[in-house]
Amino acid sequence: MRLKINHASRYRYNSPVSYGLLQIRQTPKPRAGQDVLRWALHVQGGKVEAEFEDQNANRVQLVSLDEGGQELVISSEGEVEVEDRAGVIGVHRGFTPLWLFQRTTPLTRPGPLLRKLVKASPDASEGDIARLHAIAGQVREAIAYEPGWTDTETKAEDALEAGRGVCQDHAHVFIAAARLLGYPARYAGGYLMMNDRIQQDAGHAWAEVHVDRLGWVGFDISNAISPDNRYVRVATGLDYSEASPVSGMRFGASSESLDVSIQVQQQ
């Protein structure tokens with residue numbers, strides 16, 4: 001399936017910015033089953049200082065803000081051809097060793113509730129994939145999908161305690177559970193073509209687990225499915241902080257507002 005994507009983020013600052021430097025991860029990853037036909041990123045109110053691949057093989061643009069500016073617009077658009085591989089990404093690539101994806105992070109550190117969830121999960125007698133889908137179901141039952149209760153700094157254990165969250169929280173809890181069981185697991189962020197609308201106000205998140213003889217396999221806990229040809233994979237990492245579309249620092253503005261517009265449609 002060929003998907004056309006437009007993604008625009010507009011930052012407005014309440015006072016002039018004296019200095020700002022951002023890392024932008026908004027370029028889809030070329031891989032087996034995902035062919036980036038064309039992609040372009042544009043910046044208004046700043047400039048691209050450098051481009052590089054980070055430790056997770058994410059394409060990163062380093063953007064500086066114009067001194068004294070009060071608005072920054074980052075827009076990207078392109079076309080991606082995606083094949084339905086039932087969530088199977090395959091062999092591990094990138095600079096980060098596979099064993100590192102078993103390490104906990106502040107956002108995925110397990111607590112009593114997460115350990116209780118894992119203790120109640122099935123064993124691997126029916127196979128790793130069946131076991132992981134069952135755990136995904138447990139996470140989905142434990143955390144109702146309700147925007148507005150969590151944010152990008154919410155920890156997996158806190159999301160479980162709240163019993164509410166979004167796709168990012170589902171991914172973090174599932175990743176933490178998989179790691180407790182000995183699986184390398186990581187966070188994946190990107191785009192999802194919705195069946196009922198083109199316009200969206202946020203990207204999507206899911207998880208990937210490394211399974212023997214298959215390699216990396218994706219699990220979208222929120223939608224109870226492994227990613228198919230409606231999903232465009234952009235960035236991966238140990239958790240959201242390593243795969244976030246925008247991260248960085250600024251000086252000179254006490255507050256900011258952000259408007260995001262995303263369009264994903266079949267071409």
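So, how was this worked out
- Residues numbered from 1 in each chain as written.
- Predicted model: local features only at pLDDT ≥ 70, side-chain atom pairs only at ≥ 80, totals over all residues.
- Heavy atoms only, no water.
- Helix = DSSP H or I, 4+ residues; strand = E, 2+ residues; numbered from the N terminus.
- Buried < 20%, exposed > 50% of the residue type's maximum accessible area, 1.4 Å probe, protein only.
- Pairing = 2+ DSSP bridges.
- Axes fitted to C-alpha atoms, helices over the stretch in contact; angles between N-to-C directions.
- Parallel < 35°, antiparallel > 145°, perpendicular 65-115°, else oblique.
- Left-handed = near helix turned anticlockwise from the far one by under 90°.
- Contact = heavy atoms within 4.5 Å.

Draft legend 1. Region of interest: unusual backbone geometry. The phi angle at Ala 57 is positive, at roughly 60°, despite the residue not being glycine. Checked against the element boundaries, Ala 57 lands in the loop between β4 (46-53) and β5 (59-65). Residue Ala 86 is not a glycine yet carries a positive backbone phi of 55°. Here Ala 86 is to be found in the loop between β6 (69-82) and β7 (88-90).

Draft legend 2. Seen up close, the pairing of strand β13 (residues 215-219). With five of five residues buried, β13 lies mostly within the body of the structure. Pairing geometry for β7 and β13, over two bridges, is antiparallel. Within β13, the position partnered with Gly 90 by the bridge is Trp 216. Bridging between strand β12 (residues 204-211) and β13 involves five bridges; their strand directions are antiparallel. Bridge pairing links Ala 207 to Phe 219 in β13. If you look at the hairpin formed by β12 and β13, you'll find three residues sitting between the two strands, and Arg 213 has a positive phi there, around 75°.

Draft legend 3. View of the sheet that holds β7. Strand order in the open sheet formed by five strands is β7-β13-β12-β10-β14, and the pairing between neighbours is antiparallel. Two strands close off the open sheet at either side, each with one partner strand: β7 and β14 (231-237). Pairs of neighbouring strands in the sheet enclose a mean axial angle of 35°, with direction left out of account. Here strand β10 (residues 185-192) pairs with β14 via six bridges, running antiparallel. Its bridge partner being in β14, Ala 188 is matched across the sheet by Thr 236.

Draft legend 4. Representation of the packing of helix α2 (residues 128-142) against helix α4 (residues 167-180) in the model. As a packed pair, α2 and α4 sit with axes 10 Å apart at the nearest point and diverge in direction by 135°. Of the possible angle classes, the one that applies to α2 and α4 is oblique. Crossing geometry of α2 relative to α4 is assigned as right-handed. Along the contact surface, α2 presents Leu 132, Ile 135, Ala 136, Val 139 and Arg 140, while α4 presents His 170, Val 173, Phe 174, Ala 177 and Ala 178.

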